[in-house]
Every structure is written in C-alpha cells, then in structure tokens.
Amino acid sequence: MAVIAVVGANWGDEGKGKMVDFLARDSHFVVRFQGGSNAGHTVINDYGKFALHLLPSGVFYPGVTNVLGPGVALDIRAFAEELESLTQRNVPVPKIAISDRAQVLMPYHKQLDEYEEERLGARQFGSTKSGIAPFYSDKFAKIGLQVAELFDKDVLRARVSHALEIKNVLLEHLYRKPPLKVDDLVDELTAQAEIVRPYVTDTTKLFSEALKEGKTILLEGQLGSLRDPDHGIYPYSTSSSTVAGYAAVGAGLPPYAITEVLAVTKAYSSCVGAGPFVTELTGEAGEELRRRGGDAGEYGAKTGRPRRVGWFDAVATRYGCMVQGATALAITNLDVLGYLDTIPVCVAYDIDGHITKDFPPTPLVSKAKPVLKHMPGWKTDISSARSLSDLPKEAREYVEMIERETGVKVKWVSVGPRREQTIRI
Ligand code: GDP
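The paragraphs below set out a description of the structure included in this document. None of these values were measured; they are calculated from a predicted model.

### Some thoughts on the packing of aromatic side chains
One pass over the structure, following the stated rule, counts 11 aromatic pairs. A centroid spacing of 5.1 Å and a plane angle of 80° characterise the contact between Phe 22 and Trp 412, whose relative ring orientation is edge-to-face. Linking Phe 22 in helix H1 (residues 16–23) with Trp 412 in strand E19 (residues 410–414), this pair joins segments that are 390 residues apart in sequence. On the accessibility criterion, Phe 22 (11% relative accessible area) is buried. Look at Phe 29 and Phe 207: their rings are 5.5 Å apart centre to centre, the planes differ by 80°, and that puts the pair in the edge-to-face class. In this pair, Phe 29 is assigned in strand E2 (residues 29–32) and Phe 207 in helix H7 (residues 203–212), connecting sequence segments 178 residues apart.

Set out below in structure tokens:
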C-alpha cells in the first residue's frame, strides 16, 4: 500500500502530469483534490499528447479509478468535453468517480472571473478565467452548491435563488451586466446533473475501504507551493491549497494515510501569471530557455501564454519543499539545460543588501535580487539516459546540488516529456 501525494515545489507547471502518468501504472486510484479545470497537466504517451485540465492524469490506464475529490471545483461542462476529447482520440473509456460532496462550478463563476479581470485592467492577476477564485469564495461564503444538491429539485432551486440574490447585485451594479434568471440556471444545472449522475458516489467511503485493502493511491496536486493561498506569494496565489497537507482534506483521507510526499521541481524555473519571480530571465537568454523548455517550449498548457522562465531558484524550491513536507523529490526537464556552458543557480536572495537563504513573505520577495552561483554544464543531449550512470558527471553534480540545497532525497530524474524518459535514482 502507498498513498503518494505528487505536488509542485515551485509555481506550477513542474511536470506533475508526466510524473503522475508514469507512476499511475502501479496505482489503483489517481485523485485530484483541489483546483478545477484551470490545470494544464501535459501527458505524452502512446495515445499522443494531452493537456489534462480537470481529469486526473491516471485516465490512460483502464484499470485505474480516477477520482475528483470533495476539494475540487467541478466544472461539469468542461468535464464532459474533456472526457469526450479523450475517447475521440482512442483512449479507452476511463473509470471515474466524482465525490457527492464536491462542489459545482457555476456558469456565473466563469463570467465573474472574466468580468473581474476586465475590471482590474492593468492590476489583473493573470487568471485563467476558469472561475476558480469566485468558486472558492462562494464555497467558503456558504453559497456554493454540492454535487449531491443537484439531484434534489427543491434544494437546487432554493440554493440557486439564494446565490443569485447576491450574484445579481454584483452583475448589475459592479460589472454592469444583465442579471441571471433562477429558471435558466436550474434548467442548466438539471441538465448537468444527468451528465455526472453515473459517476457520483461517496468517494470518502471508497477510500476508507481502499486503505483497508492496501490499495495504492496517487494524489495529484495542481499548481505548486508558491501559489498556495497560505504559504505562497499571496495575493498572486490560486484559491485552493496546493500543499500535500491539504491533499488529505481535499481527497477525503486521514492525514496519516499519506506515505510519501513527492515534490516535483523543474531543473530551472517557470511561472505563469503575475507576481514576484526572482530569477526571471528577460531578453535573449529568456527567449532561448523558453524556446528550449518543456516538450515544445514553455507555453501554458491551459492558456497557451508564454511562461516566464528563469534559473533554478534554490531559495524558493527549498521553501516549496518545506511547506509540502517533501519526503522525496522528482527533478524534471533536466535535459533542457544541455545547451549551456555554465548554468547559473540562485542560492540566496539579496534583499536591500541583506543576504538570506530563507524565502520571505511577498513584499520582501518583490525586492529580492538573486545571488547566483555557476555550475558547469554538460553540453550534451541526455534525453536517452535511463539510469544515473548514463548521465554525464556535470548533470549528476547538478542533481546532487538540488538535493543538497533542498535537503530532500532525489528519487526521480526526468530527462524528457515521455513516460519512459524517467530515471529512478
Ligand atoms: P504540470 O502542470 O505540473 O503537469 O506541468 P505542465 O504539463 O504544465 O508543464 C510541464 C512541461 O514540461 C510540459 O510541456 C511537459 O511536456 C514538459 N516536461 C515534463 N517533464 C519533462 C522533461 O523531463 N523534459 C522535457 N523536455 N519536458 C518535460
């Protein structure tokens, strides 16, 4: 039995999708426990290349049950479209279970997300406009809708009427948009209920039984430590917790059930959206890293936006591993750095002349300048390496440097986006 949380140690886009797709082969369940269809987990396997937004990255194995836990923002239309897009590309119909306690992302959540970014103009956060911030605000303001409530007409109508009392004030008076009608929304949600009906179940009970039977469960995080609302670069954070501690809550498992926290870090840094990013590279050096990064350049898998890129940030990643409680590390995209003579790495921050290795709160991160050290490059293509001994000495030293700086044992090194391009350390 193993319960492994696969979570991001950076800003997201670390290659969690690739690692989950790889590890899912030996798992019974893969679970999304937070976030919604704003994810963009890239998976490349024998079926082709996919960007998974809401579905867990275990959907390519017919034997794996893919679970959307209570902590997820369930966009039912996006769910149906994504599922169909898989089967259209010859992926066998995956096993899926949706928690009856998950909440439904309403059509107005997406509208409000869009209108708010529009209202903020230059001050906007770079939201994917998937409705995530309005969804989680409503969940905690107790005007959200649980999946189970979709199946009781009276409850559904009462909940929708209650929510629209507030939403229509915002729509009409803050955003100057037409109000929504209760009947229209009830009709739409009644149709959505039928889409998910076959998958809805008590996933908490399912896991309780799975644990007794010694099953293996992967908990797939979305984004990374630095986008966590409590621990990340607030307010440039997402609206649900991205840390392994929350995985137990969002999936519906006891905290002590988690046997491994596998933090995923890129061998360099990348970040989508606004907020301080200490090692950011601009100009030609940035263009080159962006062009060479990931499987086809560093462009958002959800939005297609160019990602901001920079050198590996040991300060941010050590902190990212610490808040995850990482017990093991996966380093991805090591192959990308094979073009450099020397590889700069940020080992400390200089904040107004004060040198620190500790990652501070956002206002101080914004002032930080990177203190760089230079590692020798390996200047060769390592994408066909399959064991540590296949890696050049300089690449092994780079891996050791990350292990030393983070204080977390490296378990996997990824040297390409495909499943098989993975080295067990
Ligand atoms: P996720 O959201 O954490 O799953 O990460 P994304 O899929 O958004 O971004 C990771 C990018 O890196 C994608 O383009 C992946 O195909 C790519 N990728 C993952 N691992 C590797 C690797 O080891 N080498 C290379 N070159 N690309 C990788």
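### Description of the nonpolar core
By size, the foremost hydrophobic cluster in this structure holds 38 residues, and its most contacted members are Phe 60, Leu 74, Phe 79, Leu 86, Leu 150, Val 160 and Leu 189. Each of domain 1 (2–101 + 200–261) and domain 2 (103–196) gives at least three residues to this core. Those residues within four positions of Leu 189 in sequence are excluded, and the remaining contacts are Val 104, Met 106, Leu 145, Leu 150, Leu 156 and Val 160. Among the nonpolar cores identified, the runner-up in size contains 37 residues, and Ala 326, Ile 331, Tyr 398 and Ile 423 belong to it.

### Here we look at the site of the ligand
Surveying the vicinity of the ligand reveals 20 residues, the closest of which are Gly 17, Thr 42, Asp 295, Asp 335 and Ser 414. Between the ligand and Gly 294, the relevant distance is 3.0 Å, taken from a nitrogen atom to a main-chain nitrogen or oxygen of the residue. One of the side-chain N or O atoms of Asp 335 is found 2.8 Å from a nitrogen atom in the ligand. Burial of the ligand by the protein amounts to 98% of the accessible area it has alone, namely 580 Å². When residues of the shell around the ligand are traced back to their parent elements, those giving at least two are H1 and strand E3 (41–45). Broken down by class, the residue content of the shell around the ligand amounts to 3 nonpolar, 10 polar and 7 charged.

### A few points about the packing of helix H3 (residues 107–120) against helix H5 (residues 153–174)
Packing of H3 against H5 brings their axes to within 12 Å, and their N-to-C directions diverge by 30°. With respect to their mutual orientation, H3 and H5 come out roughly parallel. For H3 against H5, the interelement crossing comes out left-handed. Residues Tyr 108, Leu 112, Tyr 115 and Arg 119 of H3 pack against Ala 163, Leu 164, Lys 167, Leu 171 and Leu 174 of H5. The class makeup of the residues in the contact of H3 with H5 is 7 nonpolar, no polar and 2 charged.

The rules we used
- Sequence order as written defines the numbering, with residues in each chain counted from 1.
- Per-residue local features of the predicted model are confined to residues with pLDDT of at least 70, and side-chain atom pairs are confined, for both listing and counting, to 80 or more; whole-chain, interface and lining totals are unaffected and use all residues.
- To get the side-chain values, take all heavy atoms of the structure and skip hydrogens and water.
- By convention, a stacked pair of Phe, Tyr or Trp rings (six-membered ring in the case of Trp) has centres within 6.5 Å and planes under 30 degrees apart, an edge-to-face pair has planes over 60 apart, and any other such pair is tilted.
- Elements are defined by DSSP. Helices are runs of H or I of four residues or more, strands are runs of E of two residues or more, and each kind is numbered from the N terminus.
- Only protein chains enter the accessibility calculation, which uses a 1.4 Å probe. A residue is then buried if its area is under 20% of the maximum for its type, exposed if over 50%, and partly exposed in between.
- We call a set of buried Ala, Val, Leu, Ile, Met, Phe, Trp, Tyr and Cys residues a nonpolar core when their side-chain atoms join them within 4.5 Å.
- Throughout, the edges of the domains are those of an automatic or database domain assignment.
- Two residues form a contact once any of their heavy atoms are found within 4.5 Å.
- Put simply, a residue is near a molecule or strand once any heavy atom of it comes within 4 Å of that molecule or strand.
- Residues adjacent in sequence count toward polar contacts only when both atoms are side-chain atoms; beyond that, a polar contact is any pair of N or O atoms within 3.5 Å, and within protein one must be able to donate a hydrogen and the other to accept it.
- Exposure was quantified through the Shrake-Rupley algorithm and a 1.4 Å probe, taking into account, for residues, occlusion by the shown protein chains and nothing else.
- Here the nonpolar group is Ala, Val, Leu, Ile, Met, Phe, Trp, Tyr, Cys and Pro; Asp, Glu, Lys and Arg are the charged ones; every other residue, Gly included, is treated as polar.
- Think of each axis as a best-fit line through the C-alpha atoms, taken over the contacting stretch in the case of a helix, with angles from 0 to 180 degrees between the N-to-C directions.
- Working definition: roughly parallel below 35 degrees, roughly antiparallel above 145 degrees, roughly perpendicular at 65 to 115 degrees, and oblique for all remaining angles.
- A crossing counts as left-handed when the near helix is turned anticlockwise from the far one by less than a right angle, and as right-handed when that turn is clockwise.

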